[in-house]
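The primary structure of each chain is shown beneath.
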Amino acid sequence: MADEEDPKEYRWETGYEKTWEAIKEDDDGLIEGSVTDIIQKAKRKRQAMKRGFSKLGMMRHLYVLLDCSEAMTVPDLKPTRFICSLKLLELFIEEFFDQNPISQLGVIAMKAKRAEKISELAGSSRKHIKAVHALSNGVPLVGEPSLQNGLELALKTLRMIPQHASREILVIMGSLTSCDPNDVNLTVENLKTEGVRCSVLSLSAEIRICKYLCTETGGLFGAVLDDAHYKDQLLQHIDPPQAGNQQEFSLIKMGFPHGRTESGKEPPLTMCMCHIDSADEPAKLTSGGYHCPQCYSKYCELPVECSACGLTLASAPHLARSYHHLFPVPHFNELALEQVQVQEPRDPPVTNCYACQKTFASGTDKMVYECDACKQVFCIDCDIFIHETLHSCVGCTTIPASAQSLQARKPVPPPHSLSVI
Ligand SMILES: [Zn+2]
Ligand SMILES: [Zn+2]
Ligand SMILES: [Zn+2]
Ligand SMILES: [Zn+2]
């Protein structure tokens, strides 16, 4: 992963583009401005593809199937496919739990025709990252993988998950072959009837059975060009997918624990439930922690599923973090600065970005961005920041009149009713 930061792609793979024609020198003979332009355009294009008001599978149970066969030793991704995959997978797990706080993830290794669980389905990133990291030393990369065994093992657990959850499998496949004990088409059929969404990321080429698996179960298929493309392809699985047809819409019971401290008293030392039977981090007596509101078992971190009574325990900020997926900020209109300042001047005149108060200069800010709801104008940096990080329009939330209309704003009638699951 030496050149992870370097988003290079080979010319012959992306097709023939005259990128040098897009780069123009500015008045001082500098090209920096137009290079940033190209990057920002790509970012805006990706934003525009996100659509709101559709049903999403917010509570996800995802199994990652990692190929640990001989094909993963090929050094076409640096240093090898395997090391590169582990590095990206660690990043993926981190991001996954950041964006999907009430979801769970598990990792399965496919090695020498067998499948082995590396980590069980669980909702904390620490354990998975440790397990994935441990793979980098001591796993013999030999033989062929078995796609069927991997899928069957994942399905065995996913079958137990209630229907309201979005059940997914992501296969990272390095090998071109799969050595299966039975007809793999039967497994694909099973996955389809169970409503498990399977996606495959192939590190070598497009494989027919993988493509078939993805189209049948409604997942995405991707073949990787190089490490930058690999990262991009992997990270697109972070956003929650559209809810499947078979997914049930039900209300689930959740508990919101809070640390119980009685005023004036030292909190008693107690044992937590999450560490009670873990071998590598033995349970210690601690005073703080979160108590399940139903059975009073103690946990040291949230979110977690209560192992005593099965209640999903979360904190309100975890739910708030999922909210922006359902109601993304609408895409801003792109306007030429000249148009808003000279041709159709506004009252009051547009001189600054509403968010960062930067004064618009005709040389550097050729384009400005206007929110449809509050009619405020933003610079490109704020436009990208609002859509990628902040997830709420600065104008709509700070101007009292627009804030009110935001409350009153009726969502565009969605094709189906919205539901938070
Ligand atoms: Zn614990
Ligand atoms: Zn409980
Ligand atoms: Zn700005
Ligand atoms: Zn706005």
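Report on the accompanying structure. (Residues numbered from 1 in each chain as written. Chains lettered and ligands numbered in written order. Predicted model: local features only at pLDDT ≥ 70, side-chain atom pairs only at ≥ 80, totals over all residues. Heavy atoms only, no water.)

**Things to note about the coordination of the zinc ion (ligand 4)**
Here comes step 1: At the metal site, the zinc ion (ligand 4) is ligated by C371 (SG), C374 (SG), C393 (SG) and C396 (SG), and these contacts range over 2.2 to 2.4 Å.
Here comes step 2: Of note is the zinc ion (ligand 4), whose 4 donor atoms meet at the metal with angles of 103 to 113° in an arrangement that counts as tetrahedral.
Here comes step 3: When the donors of the zinc ion (ligand 4) are listed by position in the chain, the intervening gaps give C-x2-C-x18-C-x2-C. Here C393 lies in the loop between α12 (380-390) and α13 (394-398) and C374 lies in the loop between β13 (367-370) and β14 (377-378), a separation of 19 residues in the sequence.
Here comes step 4: Accessibility expressed as a relative area gives 8% for C374, which makes it buried. (Donors = N, O, S within 2.8 Å, 3.2 Å for Na, K, Ca; no water. Tetrahedral: all angles 85-135°; square planar, octahedral: opposite > 155°, others 65-115°. Helix = DSSP H or I, 4+ residues; strand = E, 2+ residues; numbered from the N terminus. Buried < 20%, exposed > 50% of the residue type's maximum accessible area, 1.4 Å probe, protein only.)

**Some words on the sheet that holds strand β12 (residues 333-336)**
Here comes step 1: Spatially, β12-β13-β14 is the arrangement adopted by the 3 strands of the open sheet, whose pairing is antiparallel. Two strands close off the open sheet at either side, each with one partner strand: β12 and β14.
Here comes step 2: As judged from the 4 bridges shared by β12 and β13, these two strands associate in the antiparallel manner. Among the inter-strand pairings, L335 is bridged to a residue of β13, identified as V368. (Pairing = 2+ DSSP bridges.)

**Topic: the coordination of the zinc ion (ligand 3)**
Here comes step 1: Every protein donor of the zinc ion (ligand 3) is listed here as C353 (SG), C356 (SG), C379 (SG) and C382 (SG), and their distances to the metal cover 2.2 to 2.3 Å.
Here comes step 2: Taken together, the 4 donor atoms surrounding the zinc ion (ligand 3) define angles of 105 to 116° at the centre, an arrangement classified as tetrahedral.
Here comes step 3: Here the donor residues of the zinc ion (ligand 3) share one chain and are spaced in sequence as C-x2-C-x22-C-x2-C. Of this pair, C353 sits in the loop between α11 (337-343) and β13 while C379 sits in the loop between β14 and α12; the two residues are 26 residues apart in sequence, bridging distant segments of the chain.

**Describing the packing of aromatic side chains**
Here comes step 1: Under the defined criterion, the tally for this structure stands at 5 aromatic pairs.
Here comes step 2: Relative to F97, the ring of F96 has its centre 5.4 Å away and its plane inclined at 85°; by these criteria the two rings are edge-to-face. Each member of the pair F96 and F97 is classed as buried.
Here comes step 3: With a centroid separation of 5.3 Å and 20° between ring planes, the pair formed by F332 and F378 is classed as stacked. On the criterion of sequence distance, the pair formed by F332 in the loop between α10 (316-326) and β12 and F378 in strand β14 is long-range, its members being 46 residues apart.
Here comes step 4: Judged by relative accessible area, which is 0%, F378 ranks as buried.
Here comes step 5: Linked through ring pairs, F92, F96 and F97 together constitute an aromatic cluster. (Phe/Tyr/Trp six-rings, centres within 6.5 Å; stacked < 30°, edge-to-face > 60°.)

**Considering the pairing of strand β2 (residues 104-111)**
Here comes step 1: Most of β2 is tucked away: 8 of the 8 residues are buried.
Here comes step 2: Every second residue of β2 is oriented toward a common face, with Q104, G106, I108 and M110 on one face and L105, V107, A109 and K111 on the other, all of them buried.
Here comes step 3: Judged from the 7 bridges that link them, strand β1 (residues 60-67) and β2 form a sheet pairing that is parallel. Among the inter-strand pairings, H61 is bridged to a residue of β2, identified as Q104.
Here comes step 4: Running through helix α4 (residues 81-99), the crossover from β1 to the neighbouring parallel element β2 is right-handed.
Here comes step 5: In this structure, β2 lies alongside strand β3 (residues 114-122), joined through 6 bridges in antiparallel fashion. The residue bridging M110 from the neighbouring strand is A115, located in β3. (Right-handed = clockwise from strand over helix to strand, strands pointing away.)

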